[in-house]
Amino acid sequence: MEKLYAIWKKFGKNFEEGGKLSKLSSFYDAFDTFLFTPQTTAKKNGTHIHDGSDSKRTMIIVVLALVPALLFGMFNAGYQHLLATGQLAEGLTCALFWKAFGFGLLAVLPYILVSYIVGLGIEFVVAQIKHEEVAEGYLVTGFIIPLIVPINTPLWQVAIAVAFAVIFAKEVFGGTGYNIFNVALITRAFLFFAYPSSMTGDKMFVRDGGTWGWDGGHALVDGFSGATPLTQMSTGSAVELGFWDMVNGLVPGSVGETCIWAILLGACLLIATGVASWKTMLATFIGGGLTAWLFNVAGSEANLAAQYPWYMHLVSGGFAFGAVFMATDPVTSARTECGKWIYGFLIGLVAVLVRVLNPGYPEGMMLAILLMNAFAPLIDWCVVQVNINKRLKRSNI
């Protein structure tokens, strides 16, 4: 390993100033810091952390936390396809399990490739133009996008949405660490408003009559509907799925958002490593649960969303996924400890408000997080000012 590292470093001299490939220094630095722990640390005293850990390592932890949701989502994509085409009539056998996972793998993989190729391609080009290091934030963003986009979305639409989000929601603000809004959610928002027919949530795991992919030739069974539970509720249909159905995740929905167990595993890793704030997560669930409970108590009986059990809101749609992986984004969320409670609570509150009061958009979590992204700096400012005023009073100045 040491010999390989020495060869790699010797090769890297070509990318240093004055070297033959110095104009491509950003490319070498990106791979160097990704493959190997940085050998440099901050030299100054004060607040600098003298450690080899960097944000790439932090981002990799988040990616690892997302893996359970991805793997289950791949299986569920295939499972919903087999269910829709009547291939599970006699139950799920070992052979059908791997068939479902293989189908889902082939279905999801193109979205991962498009997300990374387009997003990272733009990041590499921008870094080279600006003569800066390649930002590492897209390691997570590129992984999240395929998990929150309906799997029947045309790949060319995903590519356009990713390009728009990276350029206009990130690079124009200065790159990683300067963006105001969560880039993955901007991608989804762009798709939602530019191509609404691709974001309806209906028949997410089968298309063209069930002849999609290498498992073609199976028509949809009579009466099958691939609409998500929230979509059914918004259209006035009764939601037949129960709490444990939603928790276990074998339901229609975006790839990474259905299984609460997989999301919980990711949350445990993020909290244990200190990468994400448990305060923001918990506050989001408290805000959503309390608001939904108030609608249960005082809401209109004619509004199915208002009478949807409060605990079902917390496990439906992208609520749990958003609370764990996107509300906790360290760049776009509140940073003060008190602010995290306020920020998370308001996300949960707004998400349920949108679900109940806007039948045209039954999800709510995306808009809630993006809205609170805009208010996060104000929340932190107010918290800081309150603390300053308290200290001034104590000092009798």
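Just so you know, these numbers come straight off a predicted model, no measurement behind them.

Moving on: empty space enclosed by the protein. Vacant regions in the atomic arrangement are exposed by a probe of water-molecule size rolled over the atoms. Per the stated rule, a full pass over the model turns up two cavities of 30 Å³ or more. Here the largest cavity is characterised by a volume of approximately 70 Å³. What lines the largest cavity is simply Ile 148, Leu 185, Arg 188, Glu 257, Gly 318, Met 326, Glu 363, Met 365, Met 366 and Ile 369. Only helix H7 (183-194) and helix H16 (365-395) provide two or more residues apiece to the lining of the largest cavity. The biggest single contributor to the lining of the largest cavity is H16, with three residues. Each residue belonging to the lining of the largest cavity can be placed in one class, and the counts come to six nonpolar, one polar and three charged.

Looking now at the nonpolar core. The biggest cluster of nonpolar side chains holds 96 residues, and the ones touching the most others in it are Leu 66 and Phe 321. Of the residues forming this core, the biggest block, 13 residues, is contributed by helix H3 (residues 55-84). Excluding its chain neighbours within four sequence positions, the residues that come into contact with Phe 321 are Leu 66, Ala 69, Ile 144, Leu 147, Ile 148, Gly 256, Glu 257, Ile 263 and Met 326.

This part takes up the confidence of the model for the protein. The predicted model of the protein averages 82 in pLDDT, with 75% of residues at 70 or higher. Taken as a whole, residues 44-50 scores under 50 in pLDDT and shows five contacts with residues more than four places along the chain or in a different chain. Scored below 50 in pLDDT, residues 201-217 shows 58 contacts in the model against residues more than four places distant or in partner chains.

On to the environment of Ala 376. In this fold, Ala 376 is placed in helix H16. Each C-alpha atom, one on Ala 376 and one on Thr 336, is 9.7 Å from the other, the two residues being 40 residues apart in sequence. In this structure Ala 376 touches Thr 332, Ser 333, Ala 334 and Tyr 343, once residues within four positions along its chain are discounted.

This paragraph deals with the environment of Ser 395. Positionally, Ser 395 belongs in helix H16. The class for Ser 395 is partly exposed, based on a relative accessible area of 39%. At 2.9 Å, the side chain of Ser 395 and the backbone oxygen of Leu 392 are in polar contact.

Turning our eyes to something else, we now look at the packing of H7 against H16. Where H7 meets H16, the closest approach of the two axes is 10 Å, and the angle between their N-to-C directions is 125 degrees. Overall, the two elements H7 and H16 adopt an arrangement that is oblique. Read as a crossing pair, H7 and H16 show a hand that is left-handed. Within the contact between the two elements, H7 uses Leu 185, Ile 186, Arg 188, Ala 189, Phe 192 and Phe 193 and H16 uses Met 366, Leu 367, Ile 369 and Leu 370. Taken together, the residues that form the contact of H7 with H16 break down as nine nonpolar, no polar and one charged.

Definitions and limits used
- Residues numbered from 1 in each chain as written.
- Predicted model: local features only at pLDDT ≥ 70, side-chain atom pairs only at ≥ 80, totals over all residues.
- Heavy atoms only, no water.
- 1 Å grid on protein atoms, 1.4 Å probe; cavity = no way out; pocket = protein on both sides within 12 Å on 5 of 7 lines; lining within 4 Å.
- Points joined across faces, edges and corners; volume = space filled by probe spheres on them.
- Helix = DSSP H or I, 4+ residues; strand = E, 2+ residues; numbered from the N terminus.
- Nonpolar A, V, L, I, M, F, W, Y, C, P; charged D, E, K, R; others polar.
- Core = buried A, V, L, I, M, F, W, Y, C linked by side-chain atoms within 4.5 Å.
- Buried < 20%, exposed > 50% of the residue type's maximum accessible area, 1.4 Å probe, protein only.
- Contact = heavy atoms within 4.5 Å.
- pLDDT = per-residue confidence, 0-100.
- Polar contact = N/O pair within 3.5 Å; in protein donor to acceptor, adjacent residues only side chain to side chain.
- Axes fitted to C-alpha atoms, helices over the stretch in contact; angles between N-to-C directions.
- Parallel < 35°, antiparallel > 145°, perpendicular 65-115°, else oblique.
- Left-handed = near helix turned anticlockwise from the far one by under 90°.

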